[in-house]
Amino acid sequence: RHKFWETQPVGQFGDVADVSLPDGAIEPPSPLSEVRADPYPLPAAFEWFTCDLDDDALLADLYALLAHNYVEDDENMFRFNYSPAFLRWALRPPSFFRAWHIGVRAKESKKLVAFISGVPARIRARDDVVRMAEINFLCVHKKLRSKRLAPVLIREVTRRVHLENIWQAAYTAGVVLPTPITTCRYWHRSLNPKKLIDVGFSRLGPRMTMSRTVRLYKLPDAPLTPGFRQMELRDVAAVTRLLRAYLARYVVAPDFDELDVEHWLLPQEDVVDSYLVESPETHEVTDFCSFYTLPSSVLNNANYSTLKAAYSYYNVAVKTPLQQLMNDALIVAKQKNYDVFNALDVMENEGFLKELKFGPGDGQLHYYLYNYRIRNGIKPSELGLVLL
Ligand code: YNC
Ligand code: MG
């Protein structure tokens, strides 16, 4: 059934009932001298091409490949439109490896036709902190689909990850592969309901008029929590403490240090936004919330070409009720002109989704680990990891 995935060190569908298999690595690491030294062969017309994201022209090519060929919804109405600035942010965290930004181009025209990437991360599973690669942006040009190029890209990124003496990876996909550690659902909170209905993202509810719908989703003009403000560089240590203590509750979560927090959470215009609550009395940082910006192209609509979407990232509510904190996140997203605010049912998110008028989406997001078994998987609420 899965000619490629059956050959890989991942939980296989047949293993599910086998209680004798222990949690942790499926295969031990090999000596580095045994890692294949040469890139895997590609069809003759193509060549490997390590991408330098400092190069604006290359970044523009990568942006264009993804903007035209990356993930679409089931009805092909929308396609992710990651911005060039976002791609730079996503692909160059602390200690990133340039060799893990892997392109395939046509030998003759030099046109970029496929891509896969990895970035290094420390991810904790139960009490085991593991160096992993986070694999993302696997993309094959629409004209080259179903030719078994994807397994070649995956084998090549795996080889380059192994060369750094890293043997595990984390990734998400909309498709079911052997075997998810958990399956999450996206929820959507309308901020600009009229536009979302016009582009076919949402529908007018039964017995609802447009003006009642607009009123239903209306939000205050400014955040309500005293001391709610944007995160700044001086907050990195406090946010790191807050986040580390919070993520310790989850079965699978990143192990962030201050450098990670500075990279992943310090605000960058139209890439990542982070807010915190600074107690007006003690000046202590008590709560934190964040979202990243991922627009979608609207395919085949006469009036609109993009949807501006915010995606809930990491949130920590200690003093402020989570619902109130997230309501403030919705308010700032609305102020900044986002059309929709999306969140997965991970961590404690179930605790605010319905109350804050999020509706369940139809897409599922499956989370996977490579060469790491977690017997019986986990619940979305036990997952403390958000990938981009
Ligand atoms: C997918 N998304 O099952 P079997 S997510 C992994 N992730 O293999 P072909 C996938 N595998 O079943 P196409 C996959 N989609 O026969 C398909 N596959 O064993 C498997 N779409 O290859 C599939 N981006 O080349 C099958 O298929 C084999 O031409 C078929 O190419 C697939 O980034 C794809 O959704 C997805 O661009 C590239 O459809 C193409 O269709 C495309 O004939 C639109 O491939 C964009 C899209 C995927 C987004 C993502 C995470 C990727 C994770 C990859 C796995 C990483 C493993 C860990 C490596 C490091 C290890 C260490 C240490
Ligand atoms: Mg293919």
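One can find the structure itself at the top, above this paragraph.
Values in this document were obtained by computation on a predicted structure and should not be read as measured data.

### Quick look at the pattern of salt bridges
Inspection of the entire model under this criterion finds 22 salt bridges. Through salt bridges with shared partners, a single network forms among Arg122, Arg244, Asp255, Asp257 and Asp260.

### What about the pairing of strand β11 (residues 285–293)?
Summarising burial for β11: nine of the nine residues are buried, a large majority. Alignment of strand β10 (residues 272–278) against β11, held across seven bridges, turns out to be antiparallel. The residue of β11 that forms the bridge with aspartate 273 is phenylalanine 291. The antiparallel hairpin formed by β10 and β11 contains six residues in its connecting segment, where histidine 283 sits at a positive phi of about 60°. Where β11 meets strand β14 (residues 309–312), three bridges bridge the pair, whose relative direction is antiparallel. Looking across to β14, one finds that phenylalanine 291 is bridged to serine 312.

### Section: the layout of surface pockets
Its volume calculated, the second largest pocket comes out at about 470 Å³. Looking at the second largest pocket, it is lined by 31 residues, and the ones nearest its centre are Val119, Pro120, Ala121, Glu134 and Trp264. Contributing elements (two or more residues each) for the lining of the second largest pocket: α2 (84–91), β4 (112–125), β5 (128–140) and α7 (258–265). In the lining of the second largest pocket, the residues fall into 21 nonpolar, four polar and six charged. Inspection of the lining of the second largest pocket shows a minimum of three residues originating in each of domain 1 (5–174) and domain 2 (183–382).

The rules behind each value
Residues numbered from 1 in each chain as written. Chains lettered and ligands numbered in written order. Predicted model: local features only at pLDDT ≥ 70, side-chain atom pairs only at ≥ 80, totals over all residues. Heavy atoms only, no water. Salt bridge = Lys/Arg side-chain N within 4 Å of Asp/Glu carboxyl O. Buried < 20%, exposed > 50% of the residue type's maximum accessible area, 1.4 Å probe, protein only. Helix = DSSP H or I, 4+ residues; strand = E, 2+ residues; numbered from the N terminus. Pairing = 2+ DSSP bridges. 1 Å grid on protein atoms, 1.4 Å probe; cavity = no way out; pocket = protein on both sides within 12 Å on 5 of 7 lines; lining within 4 Å. Points joined across faces, edges and corners; volume = space filled by probe spheres on them. Nonpolar A, V, L, I, M, F, W, Y, C, P; charged D, E, K, R; others polar. Domains from an automatic or database assignment.

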